[in-house]
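This is what each chain is made of:
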Amino acid sequence: MFPLPKTATAPFCPSEVAGSIIVPSDLPWWKKAARFAGPGLLVSVGYMDPGNWATDIEAGSRFGYRLLFVVLLSSLAAIVLQCLAARLGIATQKDLARLSSERYPKAIGRIQWVFAEISIISCDLAEVLGSALAFKLLFGVSLPVGVALTALDTFIVLGLQGRGFRRIESIVLGLVGTIGICFVVQLFLLGPNWAEVAAGFVPSWHAVSAQEPLYLAIGILGATIMPHNLYLHSSIVQTRAVSGEEGKRAAIRLTRVDTICSLSLALLINAAILIVSATAFHASGRTDIADIGDAYQLLAPIAGTTVAAVAFAIGLFASGQSSTFTGTIAGQVIMDGFLQLKIPCWQRRLVTRGLAIVPAFIGVVTMGDRAIGALLVASQVVLSIQLPFAMYPLIRFTDDRALMGGFANTRLVSYTAWCLFAVISAANVWLVAQVSGLA
C-alpha cells in the first residue's frame, strides 16, 4: 500500500529545503548564476497563467497591437516588486508572511493570511478552468469532466515528495519552455507585421484614452501581478545557502539577474499571446474574440493549418499545470509564515484544488462554455483586490533600515515602489468598480 506522508515534506515546503542548494564561493560567476537560477522561473509561472491568456486574447482581438506597451509596463512593474521580495528574503532570511506575522498585530496577520489564501484559490480557479478547457480541446471531453480531471494533479505532488527543490525548478522550466515553443510555432505560421508590433510597444495615452481599452489595460495589469507570488519569492530564494553580508550582497545580485531574465521570458510569452490574437483575429476583422475556446476554434482556418490550434491547446495545458507546483509551495509558505502551521503537501494541494474546483464545476454545469470567460475575469478581479495588501508590507519592510540594514531600498527604488503602489491600487479600485457596475 502506498504510504501517504503525514508531515510537510520537500520540495513543496520551502522551510524544509532552506539552504539546501550549496553555492561554493570559488565557482566562476556564470556557474554561480546557474545555481541561483530557478526561483524567478517559478514566480514567472503566475505571469503567464490562463487569466493572462484571457485578457491578452481579448486585447489583441479588439485593439490589435496597440496595448502591447501595457504588457511591457506591467511586466516592468512586476520585475521591480519581485526584486524587492527576493531582496527581503535574502537580507532577513525570513519571508514576507513570517515578517508580517511577527511585526503586525495578530488580527492584522490573520486578515493578511485570509486574503493571501483567497488569492491562491482565485489563481487556482483560473488554472482549473484553463486545464479543463485544454482537456476539452485536446481530447474532446466535456468541461465538467475536464474540471474533474484537474484534481489528479495531487498525484504529481505525491510523486515528487522528498525530491530536491531543483527537480521542481527543472519541471517548471520544461513547462514554460513548452509554452514558449508553442507560441513560436504560432507566430511563425501567422507571420505578424513586425513593424506594427514594434510600434505597439511604444507607450501611448491615446491608445487607452477611451473607456474600453482602458478597462482592458487595467485588466492586463491586474492579471499580471499576483499577490501570493510576492510571498512565494521571498521564501524560495532562501533555498540557496548564503552567509555574511558579502554573501547576501552577491546573492541579491544573482537573484536579480534570475528575476529579470525569468520575468522577461514571461513578458515575451504574454506579448506573443497578444500578437497571435491581433494577427489572427484583429487583422482579419474578427474583433469580437474574447474567449479562449473561440480563439482555438478559429486559429486553424485563419492560419491554414491545425498545427497552430494544437500548439495553442498544448500551451494552455502547460500553463495550467505549471501552477500546480507554485500554488502548493505558496500555500505552504503562507500557512507556515502566518500560522506557524505545516501540513502534508498533498493535503495542501487537495484542499486548494478542491476549493477551486467547486465554483469551476458549478459554473461550467450551469453556464456551459460561457463560464470560462466569466469566471476567468472574476478570478482576476479577486486577485486585483488582494494585491495592495501584499505590496504595502513588502515596500514598508524593504524601506526599513533597522530590518534590512545596508540592503534597504535606495531613495529612488523606494519612490518607484510607492508610485507603483499608488498607481496599481487606484487602477485596481477602478477595475473592481467597473466590473461591479459601480462606476
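Just so we're clear, the structure is a prediction, and the values are computed from it rather than from any experiment.

Thresholds, definitions, all that
Residues numbered from 1 in each chain as written. Predicted model: local features only at pLDDT ≥ 70, side-chain atom pairs only at ≥ 80, totals over all residues. Heavy atoms only, no water. Helix = DSSP H or I, 4+ residues; strand = E, 2+ residues; numbered from the N terminus. Buried < 20%, exposed > 50% of the residue type's maximum accessible area, 1.4 Å probe, protein only. Contact = heavy atoms within 4.5 Å. Patch = residues over 30% accessible without salt bridge, like charges linked within 9 Å, V, L, I, M, F, W, Y side chains within 5 Å. Areas by Shrake-Rupley, 256 points an atom, 1.4 Å probe, with all protein chains shown as cover. Salt bridge = Lys/Arg side-chain N within 4 Å of Asp/Glu carboxyl O. Expected span 1.5 Å × (residues − 1). Arc of directions from axis to C-beta.

A. Quick look at the environment of I90. Topologically, I90 is positioned in helix α4 (residues 68-92). We classify I90 as buried; its relative accessible area is 2%. Dropping the residues within four chain positions of it, I90 is found in contact with V237, K248, A251, I252 and T255.

B. Local environment of unusual backbone geometry. Of note, Q93 is a non-glycine position whose phi angle comes to about 60°, a positive value. Within the secondary structure, Q93 sits in the loop between α4 and α5 (96-103). When its relative accessible area of 34% is taken as the criterion, Q93 is described as partly exposed. The phi torsion at Q340 lies on the positive side, around 50°, for a residue other than glycine. Summarising the element assignment, Q340 is placed in the loop between α15 (306-339) and α16 (345-367). A relative accessible area of 46% places Q340 in the partly exposed class.

C. Highlighting a nonpolar patch on the surface. Together, L138, F139, V310 and I314 make up an exposed nonpolar region whose accessible area comes to about 340 Å². Only α6 (106-139) and α15 provide two or more residues apiece to the nonpolar patch. We classify I314 as partly exposed; its relative accessible area is 35%.

D. Fine view of helix α14 (residues 292-303). Taking 1.5 Å of rise per residue, 12 residues should cover 16 Å, and α14 covers 16 Å from first to last C-alpha, within 8% of that figure. Along α14, the residues that are buried comprise I292, G293, A295, Y296, L299, A300 and A303. Projected onto a plane normal to the axis of α14, the buried residues spread over an arc of 165° and lie on a single side. Seen from the buried face of α14, the exposed residues on the opposite side, beyond 90 degrees, are Q297 and P301. Immediately beyond the C-terminal end of α14, within one or two residues, lies G304, with a positive phi of roughly 85°.

E. Main features of the side chain of N270. Examined against the element boundaries, N270 turns out to sit in helix α13 (residues 244-280). When residues no more than four places from it in sequence are discounted, the contact partners of N270 are Y47, M48, N52, D56 and V71.

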